Amino acid sequence: ALPLLLGSSPALLAAPGLRGRLALALHVAGVNAALLLLYPRPLYKIAVRACFLGFAFGCGVLLSAGRSAWRHFGWYMCSLSLFHYSEYLVTAINNPRSLSLDSFLLNHSFEYNLAALSSWVEFTLEKLLFPELKQITWLSTVGLLMVIFGDCLRKAAMLTAGSNFNHIVQNEKSDTHTLVTSGVYGWFRHPSYVGWFYWSIGTQVLLCNPICVVGYALASWRFFRERIEEEEITLIHFFGEEYLEYKRKVPSGLPFIKGVKLEL
């Protein structure tokens with residue numbers, strides 16, 4: 001809608017070379033200026049991140065709709081931007097008291113950002129050296145299905161947990177903190193981690209990145225093994241025998257991860 005509102009041709013955004021890039025830069029600058037005028041500083045920080053994710057999603061849609069070699073990267077851009085935006089949105093619905101800029105998970109960790117950058121570098125290099133590797137549509141489709149499954153499972157876990165869900169492991173039990181064992185928590189003890197695990201690997205299958213598929217699987221498995229052990233120590237402290245009984249009945253959901261080995 002922006003090209004129409006500003007009186008310029010929509011085709012300008014798709015123009016090749018410097019003209020197209022200049023048009024995109026002007027639109028982004030215009031949106032940023034509008035957000036600065038509309039919102040006070042705290043809300044501006046939220047709005048500009050949401051706008052950036054929307055812009056990335058839109059670029060992904062444009063790439064996906066084309067027939068270029070970057071089509072599958074467009075699927076990836078849509079998946080990545082939607083994941084981060086929905087993390088903030090679902091937290092806002094579920095547990096607004098815990099809401100912050102960190103809820104977008106854009107600054108999750110240095111390792112997370114390095115992993116993302118590595119996947120972009122691998123995709124670009126392999127696209128230049130082995131272009132046919134990036135055109136395996138059936139494999140990218142499998143990756144996209146893994147991404148959809150993983151993200152849906154994670155969001156279902158967040159919605160089921162309600163105000164009990166928090167991006168940060170809690171060390172103190174609040175008055176409203178309860179042990180959730182229904183819904184997807186009846187399938188896995190840590191469905192949000194299971195969803196994130198398969199989502200992250202799925203993004204690399206989607207991109208046909210063989211090196212990052214292995215790297216993401218190993219790094220994610222190690223991260224979630226440590227995170228689950230840390231979280232379960234806290235949950236046992238909060239709920240005692242009730243959690244131990246739940247732990248005996250329901251698997252963690254992640255391969256070869258049993259959780260903390262601790263009995264009361």
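In the nomenclature of an unreviewed UniProt entry, the chain is known as Protein-S-isoprenylcysteine O-methyltransferase of Oxyruncus cristatus.

Student: Mind showing me how you'd approach helix H6 (residues 137-161) here?
Tutor: Spacing of three or four residues puts side chains on the same side of an α-helix, whose turn is 3.6 residues. Taking 1.5 Å as the rise per residue, H6 with 25 residues should run 36 Å; its terminal C-alpha atoms sit 36 Å apart, in good agreement. Those residues of H6 lying buried are Ser 140, Gly 143, Val 147, Gly 150, Asp 151, Leu 153, Arg 154, Lys 155, Ala 157, Met 158 and Ala 161. Tucked into the core, H6 has its buried residues touching helix H4 (71-94) and helix H7 (191-206). Where H6 ends, the next residue or the one after it, Gly 162, has phi of about 60°, a positive value.

Student: Can you help me understand the UniProt feature "transmembrane region" (unreviewed entry) in the chain in this one?
Tutor: In this numbering, the UniProt entry assigns the feature "transmembrane region" (unreviewed entry) to residues 43-63 and 196-219. Across residues 43-63, helical content stands at 100% and strand content at 0%; the span's end C-alpha atoms are separated by 30 Å. As a span, residues 196-219 carries 88% helix and 0% strand, and end to end its C-alpha atoms are 12 Å apart.

Student: Just to check I follow, could you spell out a nonpolar patch on the surface for this structure?
Tutor: Taken together, the side chains of Phe 110, Leu 114, Leu 117, Trp 120, Val 121, Leu 125, Leu 128, Leu 129 and Phe 130 present a nonpolar region at the surface, about 940 Å² in accessible area. You can see Leu 125 is positioned in helix H5 (residues 110-129).

Student: Looking at this structure, I do not really get the environment of Phe 224. What am I missing?
Tutor: Residue placement: Phe 224 occurs in helix H8 (residues 210-239). A relative accessible area of 3% means that Phe 224 is categorised as buried. Residues Phe 224 and Glu 122 lie 102 residues apart in sequence; the distance between their C-alpha atoms is 24 Å. Not counting the four nearest positions on each side in its chain, Phe 224 is found in contact with Tyr 193, Trp 196, Phe 197, Leu 254 and Ile 257.

Student: Could you clarify how one ought to interpret the side chain of Ser 64 in this entry?
Tutor: Of note, Ser 64 is situated in helix H3 (residues 41-65). Residue class for Ser 64 comes out buried when judged on its relative accessible area of 17%. Within the local environment of Ser 64, its side chain forms a polar contact with the backbone oxygen of Gly 60, the two atoms lying 2.7 Å apart. A polar contact of 3.3 Å, which involves the side chain of Ser 64, links it to the backbone nitrogen of Trp 75.

Student: What is the right way to read the environment of Tyr 185 from this model?
Tutor: Considering the arrangement of structural elements, one finds Tyr 185 in the loop between H6 and H7. Leave out the neighbours within four places in its chain, and Tyr 185 touches Ala 157, Thr 160, Ala 161, Phe 165, Val 180, Pro 191, Tyr 246 and Val 250.

Student: Explain the packing of aromatic side chains to me, please; I cannot follow it from the model alone.
Tutor: The geometry of an aromatic ring pair comes down to the distance between the two centres and the angle between the two planes. Summed over the entire model, instances satisfying the criterion amount to 14 aromatic pairs. Ring centres 6.2 Å apart and planes at 85° place the aromatic pair Phe 238 and Phe 239 in the edge-to-face group. Chaining the aromatic ring pairs together yields one cluster made of Phe 83, Tyr 112, Tyr 193, Trp 196, Trp 199, Phe 223 and Phe 224.

Student: Is there a simple way to explain the confidence of the model for the chain in this structure?
Tutor: Do not read the predicted coordinates in detail wherever pLDDT is low. Put simply, the chain has an average pLDDT of 89, and 92% of its residues get 70 or more. Mean pLDDT per element in the chain: helix H1 (residues 2-5) is the minimum at 49, and H7 is the maximum at 98.

Student: Just checking my understanding: could you explain the side chain of Ser 119 for this structure?
Tutor: Along the chain, Ser 119 turns up in helix H5. Classification of Ser 119 by relative accessible area gives buried; the value is 0%. Side-chain polar atoms of Ser 119 contact the backbone oxygen of Ala 116, separated by 2.6 Å. Among all residues touching Ser 119, those that are not within four sequence positions of it are Tyr 76, Gln 204, Leu 207, Asn 209, Cys 212 and Tyr 216.

Calculation notes
- Residues numbered from 1 in each chain as written.
- Predicted model: local features only at pLDDT ≥ 70, side-chain atom pairs only at ≥ 80, totals over all residues.
- Heavy atoms only, no water.
- Helix = DSSP H or I, 4+ residues; strand = E, 2+ residues; numbered from the N terminus.
- Expected span 1.5 Å × (residues − 1).
- Buried < 20%, exposed > 50% of the residue type's maximum accessible area, 1.4 Å probe, protein only.
- Contact = heavy atoms within 4.5 Å.
- UniProt positions renumbered as here; feature names shortened; annotations may be inferred.
- Patch = residues over 30% accessible without salt bridge, like charges linked within 9 Å, V, L, I, M, F, W, Y side chains within 5 Å.
- Areas by Shrake-Rupley, 256 points an atom, 1.4 Å probe, with all protein chains shown as cover.
- Salt bridge = Lys/Arg side-chain N within 4 Å of Asp/Glu carboxyl O.
- Polar contact = N/O pair within 3.5 Å; in protein donor to acceptor, adjacent residues only side chain to side chain.
- Phe/Tyr/Trp six-rings, centres within 6.5 Å; stacked < 30°, edge-to-face > 60°.
- pLDDT = per-residue confidence, 0-100.

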